[in-house]
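Here is how the chains run, residue by residue.
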Amino acid sequence: MTGLRVETGPAHAALLGVGAYRPARVVPNSEIVDAIDSSDEWIQQRSGIRTRRWADDSETIVSMSVAAAQEALQHAGLDARQIDCVIVATVSHLLQTPSAATAVAHELGTDQAAAFDISAACAGFCHGVALANDMVRAGSAGYALVIGVERLSDITDPTDRGTAFIFADGAGAVVVGPSETPGIGPVVWGSDGEHYDHIRSREDWRDVLSSEEPRMPHLAMKGNPVFRWASYSMAKVAQQALDRAGVTVDELDCFIPHQANNRITDAMARAMRLPSSVSIARDIVDAGNTSAASIPLALHRMIQEGEARRGDLALLVAFGAGLSYAAQVVVVP
Amino acid sequence: MSTEEIRSALADIVNEVAGIPADSVQLDKSFSDDLDVDSLSMVEVVVEAEEKFGVTIPDEEVKNLKTVGDAVAYIERNRSAA
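Just so it is clear, the model here is predicted, and its values are computed rather than measured.

Focus: the overall build of chain A
Move 1: Helix and strand content of chain A: nine helices and 14 strands.
Move 2: The C-alpha atoms of chain A give a radius of gyration of 19 Å, which matches the 20 Å a tight globule of 333 residues would have.
Move 3: A principal-axis box enclosing the C-alpha atoms of chain A has dimensions of 65 × 45 × 40 Å.
Move 4: Expressed as a percentage of the 333 residues in chain A, the buried residues total 54%.
Move 5: Summing over all exposed atoms, chain A offers an accessible surface of approximately 14400 Å²; the carbon and sulfur share of this is 49%.
Move 6: Where the 26 positive side-chain charges of chain A centre and where its 40 negative ones centre are 5 Å apart.

Quick notes on the interface of chain A and chain B
Move 1: Opposite the eleven residues of chain A that make contact, chain B presents 14 residues.
Move 2: Together, the buried faces of chain A and chain B total about 1200 Å²; carbon and sulfur atoms form 45% of this surface.
Move 3: Counting the surface chain A buries against chain B, the share from its top three residues, A:Arg228, A:Tyr232 and A:Arg270, is 48%.
Move 4: For the interface between chain A and chain B, the tally reads four salt bridges.
Move 5: A salt bridge links A:Arg228 to B:Asp59, with the nearest nitrogen and oxygen atoms 3.6 Å apart.
Move 6: At the surface where chain A touches chain B, the tally comes to eight residue pairs in polar contact (both at pLDDT 80 or more).

Focus on the pattern of salt bridges
Move 1: Considering all chains together, one arrives at 18 salt bridges over all chains under this definition.
Move 2: For B:Glu50, the salt bridge is made with A:Arg228, and the minimal N-O distance between the two is 2.5 Å. Of this pair, B:Glu50 sits in helix 2 (residues 39-53) while A:Arg228 sits in helix 6 (residues 223-245), which puts the two residues in different chains.
Move 3: Classification of B:Glu50 as buried rests on a relative accessible area of 15%.
Move 4: Relative accessible area serves as the criterion here: at 18%, A:Arg228 is assigned to the buried category.
Move 5: A salt bridge links A:Asp283 to A:Arg301, with the shortest nitrogen-to-oxygen separation between them at 2.6 Å. Note that A:Asp283 is positioned in the loop between strand 12 (279-280) and helix 8 (284-287) and A:Arg301 in helix 9 (residues 294-304), a separation of 18 residues in sequence.
Move 6: Residue classification places A:Asp283 among the buried positions, given a relative accessible area of 3%.
Move 7: Through salt bridges that share partners, A:Arg22, A:Asp283, A:Asp286, A:Arg301 and A:Glu305 make up one connected network.

What counts and what doesn't
Within every chain, residues take consecutive numbers counted from 1 along the sequence as written. Following the order in which they are written, the chains are lettered starting with A and the ligands numbered starting with 1. In keeping with the model being predicted, local features are shown solely for residues with a pLDDT of at least 70 and side-chain atom pairs are shown and tallied solely at 80 or more, while totals for entire chains, interfaces and linings include all residues. In computing side-chain values, all of the structure's heavy atoms are included and hydrogens and water are not. The way it works is that DSSP assigns letters per residue, a run of H or I at least four long becomes a helix, a run of E at least two long becomes a strand, and they are numbered from the N terminus. Only the C-alpha atoms count toward the radius of gyration. The rule for a globule is 2.2 Å times the residue count to the power 0.38. Here the term buried applies to any residue with accessible area under 20% of the maximum for its type, exposed to any over 50%, and partly exposed to those in between, with areas from a 1.4 Å probe on protein chains only. All accessibility values rest on the Shrake-Rupley procedure with a 1.4 Å probe; residue burial counts only the protein chains present in the view. A residue counts as positive if it is Lys or Arg and as negative if it is Asp or Glu; His and the chain ends are not included. Here the site of a charge means atom NZ of a Lys, CZ of an Arg, CG of an Asp or CD of a Glu. We call two residues contacting when some pair of their heavy atoms lies within 4.5 Å. Buried area: the sum, over both parts, of the accessible surface (1.4 Å probe) that disappears when the two are put together. Only one rule defines a salt bridge in this text: a Lys or Arg side-chain nitrogen within 4 Å of an Asp or Glu carboxyl oxygen. Definition of a polar contact: a pair of N or O atoms within 3.5 Å, with one able to donate and the other able to accept a hydrogen when the atoms are protein atoms, and with sequence-neighbouring residues admitted only if both atoms are side-chain atoms.

The following block contains the structure:
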């Protein structure tokens, strides 16, 4: 029997470009408070959020993804035809099949790139970066696009005090490709399915359709247990990602956790004893929690505002429903 | 550890987490009503207290810890049980 020929890719991969799409409509806390009997002050104190963006009907999962990806391609100096794989991380593409990624790959003008969606909730983007890194280094994609995109406003209950003020919309994208030096550190990832119910859609579609009053299966979240898990368990995961990459907190330039809640970011930074020299992402203040999109949106903003410079070391840590999590250190493109 | 030593160490945690002066963290004070410790800060206080005192404080127990005295008593009880 003839042995199969196998291929390998370059030794190292890196982020080569970053792009973002933020919906036009800015929604201040004052638009949210009446339905949840709350106040601007309470929301800010509870989460750090002042405003968020909600997409209109024309800002779809696909259109926001395409816009973010186009900017990432431009930043990387690449043409869409050079992309071999498009990975879209999302939990709010409401068409069950086909994936959003195939439409995105087509609209971008790729040459029939492989394309699929992944479902890892707020941890989806870091899962996608891990996959793309491995694909490039294994030779199965020359260049890959990873897009985190959400329209959480579609699946958020405006009357739920625990979530209505948190979730928001947007898209962020990166291009992953070959590099002379390592640009993406080892991923530390996992799941804790014992707490499958901590963040979830309230019902599955069959339950919705058999109900007397069918309604959107909105997101539901157990706030305090999630806060505890995210603040403390995820600080340990973030530390492991640093250790695996051989980077100390003193060598780190940027800390970009999933923008879940500023209070979680504060608790993580304190638990990790991050020195004041580390720039910490605070995009949530006017972007809300955009799940899979939050890390690339925050990275994009830190680059634009000069807080993250080319060559800086940035620690990404993403965590959410599942519970699922993933973290890695990356070099800022 | 005496009751006062536990109260004092707990007061330091509340001060670190929520910025409340340690002197005001007295046994008869309610975390939410008197000290303005909200439920997220309470989670942080609980996690730090677990580490400091070597006790486990489950989520369902946290809602019973309304005053500083409740928390100190819980810690005393569960430390001696360990």
